[in-house]
Amino acid sequence: GAAGLRIDAAADVPLSLLSLVAPEVKLEGRAGGTLRLDDAGSGARGGVDLRVEDLRFSRRRSAPAISALLRGEIGAGSAVFEASAEGGPARPVEARGELPLAIDLVTGTAGLRRDGALSARVDWQGEAMNLLNLMPASDHVLSGPVELRLAVDGTVARPNVAGRIQ
């Protein structure tokens with residue numbers, strides 16, 4: 001059989017380490033996960049499972065800690081993913097989709113194919129302030145109920161975005 005390349009990686013690191021390379025970024029919490037890729041010469045296949053726990057932005061210290069999760073499967077020139085983020089009692093923001101991702105471990109290249117089809121969807125409903133708690137900006141104030149429904153399709157070169165924010 002063809003010789004191949006394999007990557008199996010795992011990490012669990014404090015987010016405060018980001019300040020070593022970007023002093024203006026002041027985060028608390030932890031990030032971790034696993035990545036596995038196999039490439040026998042026809043493109044990489046595998047999966048990713050990433051998580052962020054107890055994330056706090058220094059400018060929003062009074063906001064609840066944020067947790068986020070990204071899971072995906074990579075193969076056949078595409079990546080299928082599911083992601084969620086939540087902070088406090090609010091419903092999580094959820095996203096899912098498919099990207100035309102090509103990874104070649106043999107040549108060390110990765111990228112999105114410009115003519116490749118993409119699809120994604122983001123759904124959330126709840127109090128506006130709960131959504132703002134998921135963002136680093138501290139100088140915005142919104143209140144009241146919000147419903148967010150966004151969808152993306154088309155290609156990387158010509159994406160179509162549709163949806164509503166109420």
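Here's what I pulled together on the structure shown here. Keep in mind that this is a model prediction, so the values were computed, not measured.

So, on to the side chain of Asp123. Here Asp123 shows up in strand β9 (residues 119-127). A distance of 3.4 Å separates a polar atom in the side chain of Asp123 from a polar atom in the side chain of Arg96. If sequence neighbours within four positions are ignored, Asp123 has contacts with Pro92, Val93, Glu94, Arg96, Leu148 and Arg149.

Spatially, β1-β2-β3-β4-β5-β6-β9-β10-β11 is the arrangement adopted by the 9 strands of the open sheet, whose pairing is antiparallel. The open sheet is flanked by β1 (5-14) and β11 (159-165), the only strands paired with a single partner. In this sheet, adjacent strand axes meet at a mean angle of 5° when their direction is disregarded. When strand β3 (residues 45-57) meets strand β4 (residues 66-75), the two strands line up antiparallel, connected through 8 bridges. Looking across to β4, one finds that Val52 is bridged to Ala68.

On to the side chain of Arg149. For Arg149, the location among the structural elements is in strand β10 (residues 145-154). At 3.3 Å, the side chain of Arg149 forms a polar contact with the side chain of Gln125. Those residues in contact with Arg149 that sit more than four places away from it in its chain are Arg121, Val122, Asp123, Trp124, Gln125, Ala162, Gly163 and Arg164.

Turning to unusual backbone geometry, a few remarks are in order. Although it is not a glycine, Asp54 sits at a positive phi angle of roughly 55°. Following the sequence through the fold, Asp54 ends up in strand β3. With a relative accessible area of 51%, Asp54 lands in the exposed category. The phi dihedral of Ala76 is positive, around 50°, even though this residue is not glycine. Taking the relative accessible area as the measure of exposure, Ala76 reaches 63% and is therefore exposed.

Another point: the pairing of strand β5 (residues 78-87). Looking at chain direction, β4 and β5 are connected through 10 bridges and run antiparallel. Counted as the bridge partner of Gly75 is Ser78 from β5. Joining the antiparallel neighbours β4 and β5 is a turn of 2 residues, in which Ala76 adopts a positive phi near 50°. Here 7 bridges tie β5 to strand β6 (residues 93-99), and the two strands are oriented antiparallel to one another. Paired with Val80 across the bridge in β6 is Glu98. The turn linking β5 back onto β6 is made up of 5 residues, and Gly88 within it adopts a positive phi angle of 75°.

Bringing the environment of Val13 into the picture now. Within the element layout of this structure, Val13 appears in strand β1. Separated by 53 residues in sequence, Val13 and Ile66 have C-alpha atoms that sit 16 Å apart. Setting aside residues no more than four positions away along its own chain, Val13 makes contact with Gly29, Arg30 and Ala31.

Each value, and the rule that gives it
Residues numbered from 1 in each chain as written. Predicted model: local features only at pLDDT ≥ 70, side-chain atom pairs only at ≥ 80, totals over all residues. Heavy atoms only, no water. Helix = DSSP H or I, 4+ residues; strand = E, 2+ residues; numbered from the N terminus. Polar contact = N/O pair within 3.5 Å; in protein donor to acceptor, adjacent residues only side chain to side chain. Contact = heavy atoms within 4.5 Å. Pairing = 2+ DSSP bridges. Axes fitted to C-alpha atoms, helices over the stretch in contact; angles between N-to-C directions. Buried < 20%, exposed > 50% of the residue type's maximum accessible area, 1.4 Å probe, protein only.

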